[in-house]
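Read off the chains here:
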Amino acid sequence: MALHAVGAAACVIAPSIWPWIAGILAADHALLVGASLWPRSGWLGPNLRRLSREAAGADTVALTFDDGPDAEVTPRVLDLLDAANARATFFCIGRRAAAHADLVVEIARRGHRVENHTWSHANLFCFFGPRAIGREIDRAQETLAGQTGRAPRWFRTPAGLRNPWLDPLIAARGLALASWTRRGFDTVSTDARAVTSRLTRRLAAGDVLLLHDRVTSRSRSTRPVVLDSLPPLLACLDHAGLRSIPLPDPGADD
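Rules and cut-offs
- Residues numbered from 1 in each chain as written.
- Predicted model: local features only at pLDDT ≥ 70, side-chain atom pairs only at ≥ 80, totals over all residues.
- Heavy atoms only, no water.
- Helix = DSSP H or I, 4+ residues; strand = E, 2+ residues; numbered from the N terminus.
- Polar contact = N/O pair within 3.5 Å; in protein donor to acceptor, adjacent residues only side chain to side chain.
- Contact = heavy atoms within 4.5 Å.
- Expected span 1.5 Å × (residues − 1).
- Core = buried A, V, L, I, M, F, W, Y, C linked by side-chain atoms within 4.5 Å.
- Buried < 20%, exposed > 50% of the residue type's maximum accessible area, 1.4 Å probe, protein only.

*Asks:* Explain the side chain of Arg182 here, please?
*Replies:* Tracing the sequence through the fold places Arg182 in strand E6 (residues 182–183). Polar side-chain contacts of Arg182 include one of 2.5 Å to the side chain of Asp207. Discounting chain neighbours no more than four positions away, the residues touching Arg182 are Arg198, Leu199, Arg201, Arg202, Leu203, Asp207, Val208, Leu209 and Leu210.

Given below as structure tokens:
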């Protein structure tokens, strides 16, 4: 906004330089779009991509699951985590949480974190204005806090896409943005070995790993790939001497 104001003033003072001003503004917009479409970017505000050495120590990673809860998948994911004595963070969609409140309560009861993944997981979320973004955050926040007795502290956008409005809005609500170190792409792949390989390649302490605990359009007629990729992932963590923990509170990871 400041750049636009300066550019407008410069054009008034020296109209002949308008092509340069237009080029600078175009570059600014391109930079903002690029930062918005890069989920792991920190250009638009703080963004947790991996745990700090202090939080992770030498032997921990953070498994995270998006888009649940799901009546078919989430209970089975919870059982697999229990069998491996692993704890994780579940970024829940608010309206799915409202429809499956018992599962949200169960996630928290088993020692996992429940965090905010918007109310509706709108595909166009990154194009929303401040009011619409605020409504998506607040409605999910209220629902999840009411179900678990604890207000979420982390926020993750749909597909990790965002815009410049987001950072001040979540900061005002005591939330922090989380992305990931690497993702399995389990919503677009039916190959469990490929999903596991993406997550375990160069695996190291402090990694934040992303999977999804819900039935997707690709898995409606087949077994959800997360159920076949999670067991070897957990076995790989065990073999590497790593354990999965929930995301620490924002600030604890500084």
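*Asks:* Got a minute to help me understand helix H7 (residues 130–148) in this structure?
*Replies:* For an α-helix the count is 3.6 residues per turn, leaving residues at separations of three or four pointing the same way. With 19 residues, H7 extends 27 Å between its outermost C-alpha atoms, agreeing within 8% with the 27 Å of an ideal straight helix rising 1.5 Å per residue. Among the structural elements, strand E2 (88–92), helix H5 (94–99), helix H6 (101–109), strand E3 (113–116), strand E4 (154–155) and helix H8 (166–172) are those in contact with the buried residues of H7. Following H7 by one or two positions, Gly149 has its phi on the positive side, about 80 degrees.

*Asks:* So what exactly am I meant to see when it comes to the nonpolar core here?
*Replies:* Side chains that are nonpolar tend, in soluble globular proteins, to be buried together. Counting residues in hydrophobic clusters, the biggest one holds 31 residues, and the most contacted among them are Leu63, Phe65, Val77, Leu81, Phe90, Leu211 and Leu230. Of all the elements in the fold, those that place two or more residues in this core are strand E1 (60–66), helix H4 (74–83), E2, H6, helix H9 (192–200), strand E7 (208–212) and helix H10 (226–239). No other element matches H10, which puts six residues into this core. Excluding residues within four positions of it along the chain, Val77 makes contact with Phe65, Phe90, Asp213, Val226, Leu227 and Leu230. Counting residues in each nonpolar core, the second largest holds 13 residues, with Leu48, Ala176, Leu210 and Ile245 among its members.

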